[in-house]
Amino acid sequence: MRQNKRFSMEQKKARWGWTFVAPSLVFFLVFSFYPIFNAFYMSFFKKNLLSLKPPVFVGLGNYSYLFKSSLFWQSAANTAIFTVGAFVPLLVLSLVLAALIMSRRRFQKLIQMILYSPAALSSVVAALIWLLIFDPRGLANQGLNTLFRTSGVNYHWLSSTGMLRLSTIIVYVWKYVGYFTVVFVAGIGAIPHSLHEAALIDGADRWKDFWHITFPLLKPTTLLVSVMAMIQCLKTFSTQYLFSKAGAPTRPIDVITLNIYNTAIKDHNIGRASAMSILLFLVMLFLTWLQFRISKTEEVSYM
Amino acid sequence: MNAAKTKSSPARRLADILIWLFLIGACALVLIPLVFMFTSSVMPAIDIMKLPYPWISDHIHWQNFWNGLRGPEGTFIFLRNILNSLVVALSVTATTVLLSSMSGYGLAKFQFKGRNTVFMLIMATMMIPFEAIMIPLYMVVMRMRLQDSYAGLIVPFLTSAFGVFLMRQFLLTFPDEVLDAARIDGASEPAIFTHVVLPNVGPAIATLAVLTFRSQWDSLLWPLLVVQSEEMKTIPLYITKFMAETHSDEGIMMAIAAMASLPMFILFLTMSKYFISREGLYSTTKG
């Protein structure tokens, strides 16, 4: 009797477990799994966004078109340039800033708050501010002219190919350097004090302490931040979209997300946009897999 | 510590000064664009484009804020767009918090067949970037005839895998005895969830709420796809349109930017510990 009651109690609990989980599960089936399978499926078809005609099967046609299209390679290259160009300075700057902040005894929190504050801004607002700064009469030219003691030199922040790419990278680094600094500060803070003290007693100076104690123990955090930053950079859209809307030449900053958006919404070519989405997905899948593997080994043992 | 102190030398003091200069310089560089936004939001456009930039204007030009709210056609559509952003961000935050904590609770505190499979499935969706599924999602929303509506803006973000993960991790350590005691007292399962579980997971909910609100307030790509009419635009879309119009007044532009950022700055200053929390840092949210 008692066994029976317990059994039914377990069953009841299991039912409640399902009840609590079900809404989210249904949501993810409809709004995550279905769309990604649909994107994969549509990438083998020719389909116009607006026409009511059924999609036409074209096999690998969309992919082979993309691999031959210079516009696609251009946007792949733009994305790669942006990703590498933004994530290397992000990584180096945030690591240096975090190490310096942790070497101070005062104002640690305040400096972190200040550096983090642009991340609280929406990316559209960030792009808007920087558009005015990069204006030919704006602060960017004024600043460089003061620095180099020149007058009236225009650096073409929003018109020459290289400078335009640099401008989008500057906006991104400005917005996220504080965020990654805070991640590094957390990583450095997790290293036990006893290790630093032991090093100092052994006669190490602060530089040696950083180089031989902090830096090696930060390796998992560094790897994690690199992958996180790379994934973030691959998804960049707002800055490039707003800059091109404001009249900057699109080609140098036509990143892959912008290309997907334009292919689907302006050209109505769902098949080609889906094929690009799948390629982006595969690259990010690889990086996310890397991130998960790293976060698993992130719990370092200090023994 | 003592060993370090006794070694204090001129070289070390110089290094200290250099480190402070570097940190202060970095903070200044980060703050300049923000200061620029606030100072030029109260300047007439002619002053903003003056060479060199006058950091402090002779008189405060508050009209920018009024004109920004009024809009070029005098329709006050920006107010409606602010309202839209608030409706969408608050709805998404509410449903995400509710559904994520329900599912996190189910996964953490109940034994049932297939529980691990469900958890792995939900975690797997974190690997699907929003950018890769936005076009099929758009077609789903079109088929449901939800384009250009609040529902269309809200429905694809009702819950988040990161939220489920966060709440599950947090609830794993929730004491079973408390739940069992409530069951023995005759409380129903939904009552236990709303009266015992939810009031005790405040910090996790605050983190999730802040991050969800932030990502929705910032969202550009999805509204760009779904919204067609001026009335349904959110703040990022309004700013995009305003900026693309040639000869927009720079002062008004910055006033709009300042108004759009104000809620986030208030949230950031009052809830900074939830922004700069370990969980918050590793989130990968949609959009």
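Here the structure is a predicted model, which is why all the values come from computation and not from measurement.

**Thoughts on the overall build of chain A**
So, point 1. Counting its regular elements, chain A contains 13 helices and 2 strands.
So, point 2. Computed over C-alpha atoms, the radius of gyration of chain A comes to 25 Å, more than 25% over the 19 Å expected from 2.2 N^0.38 for 303 residues, which places it beyond the range of a compact globule.
So, point 3. Long-range pairs, those at least 24 residues apart, make up 68% of the contacts in chain A between residues at least 6 apart in sequence.
So, point 4. As presented, chain A carries roughly 14,800 Å² of accessible surface, and 67% of it is formed by carbon and sulfur atoms.
So, point 5. Each charge class in chain A was averaged separately, 28 positive and 10 negative side chains, and the resulting centres sit 13 Å apart.

**Structural notes on the nonpolar core**
So, point 1. Counting 193 residues, the largest nonpolar core has Leu121(A), Phe243(A), Phe36(B), Tyr105(B), Ile122(B) and Trp222(B) as its most contacted members.
So, point 2. The dominant element in this core, judged by the number of residues it contributes, is helix α7 (residues 161-189) of chain A, at 16 residues.
So, point 3. Aside from chain neighbours lying at most four places away, what touches Tyr105(B) is Phe20(A), Phe110(B), Leu171(B), Leu179(B), Arg183(B), Glu189(B), Ile192(B), Phe193(B) and Val197(B).

**A look at the packing of helix α11 (residues 238-245) of chain A against helix α14 (residues 235-244) of chain B**
So, point 1. Contact geometry of α11(A) with α14(B) gives a least axis separation of 9 Å together with a crossing angle of 30°. Taken together, the axes of α11(A) and α14(B) are roughly parallel relative to one another. Between α11(A) and α14(B), the residues in contact are Tyr241(A), Leu242(A) and Lys245(A) and Thr240(B), Met243(B) and Ala244(B), respectively.
So, point 2. Of the residues that constitute the contact of α11(A) with α14(B), the class distribution is 4 nonpolar, 1 polar and 1 charged.

**Some words on the pattern of salt bridges**
Residues and elements named next belong to chain B.
So, point 1. Scanning the entire structure with this criterion turns up 6 salt bridges over all chains.
So, point 2. With a shortest N-O distance of 3.2 Å, Lys 241 and Glu 230 are connected by a salt bridge. On the criterion of sequence distance, the pair formed by Lys 241 in helix α14 and Glu 230 in the loop between α13 (221-226) and α14 is long-range, its members being 11 residues apart.
So, point 3. Using a relative accessible area of 19% as the deciding quantity, one classes Lys 241 as buried.
So, point 4. Owing to a relative accessible area of 29%, Glu 230 belongs among the partly exposed residues under this scheme.

Reading guide: rules and limits
Residues numbered from 1 in each chain as written. Chains lettered and ligands numbered in written order. Predicted model: local features only at pLDDT ≥ 70, side-chain atom pairs only at ≥ 80, totals over all residues. Heavy atoms only, no water. Helix = DSSP H or I, 4+ residues; strand = E, 2+ residues; numbered from the N terminus. Rg over C-alpha atoms; globule rule 2.2 N^0.38 Å. Contact = heavy atoms within 4.5 Å. Areas by Shrake-Rupley, 256 points an atom, 1.4 Å probe, with all protein chains shown as cover. Lys, Arg positive; Asp, Glu negative; His and termini not counted. Charge placed at Lys NZ, Arg CZ, Asp CG, Glu CD. Core = buried A, V, L, I, M, F, W, Y, C linked by side-chain atoms within 4.5 Å. Buried < 20%, exposed > 50% of the residue type's maximum accessible area, 1.4 Å probe, protein only. Axes fitted to C-alpha atoms, helices over the stretch in contact; angles between N-to-C directions. Parallel < 35°, antiparallel > 145°, perpendicular 65-115°, else oblique. Nonpolar A, V, L, I, M, F, W, Y, C, P; charged D, E, K, R; others polar. Salt bridge = Lys/Arg side-chain N within 4 Å of Asp/Glu carboxyl O.

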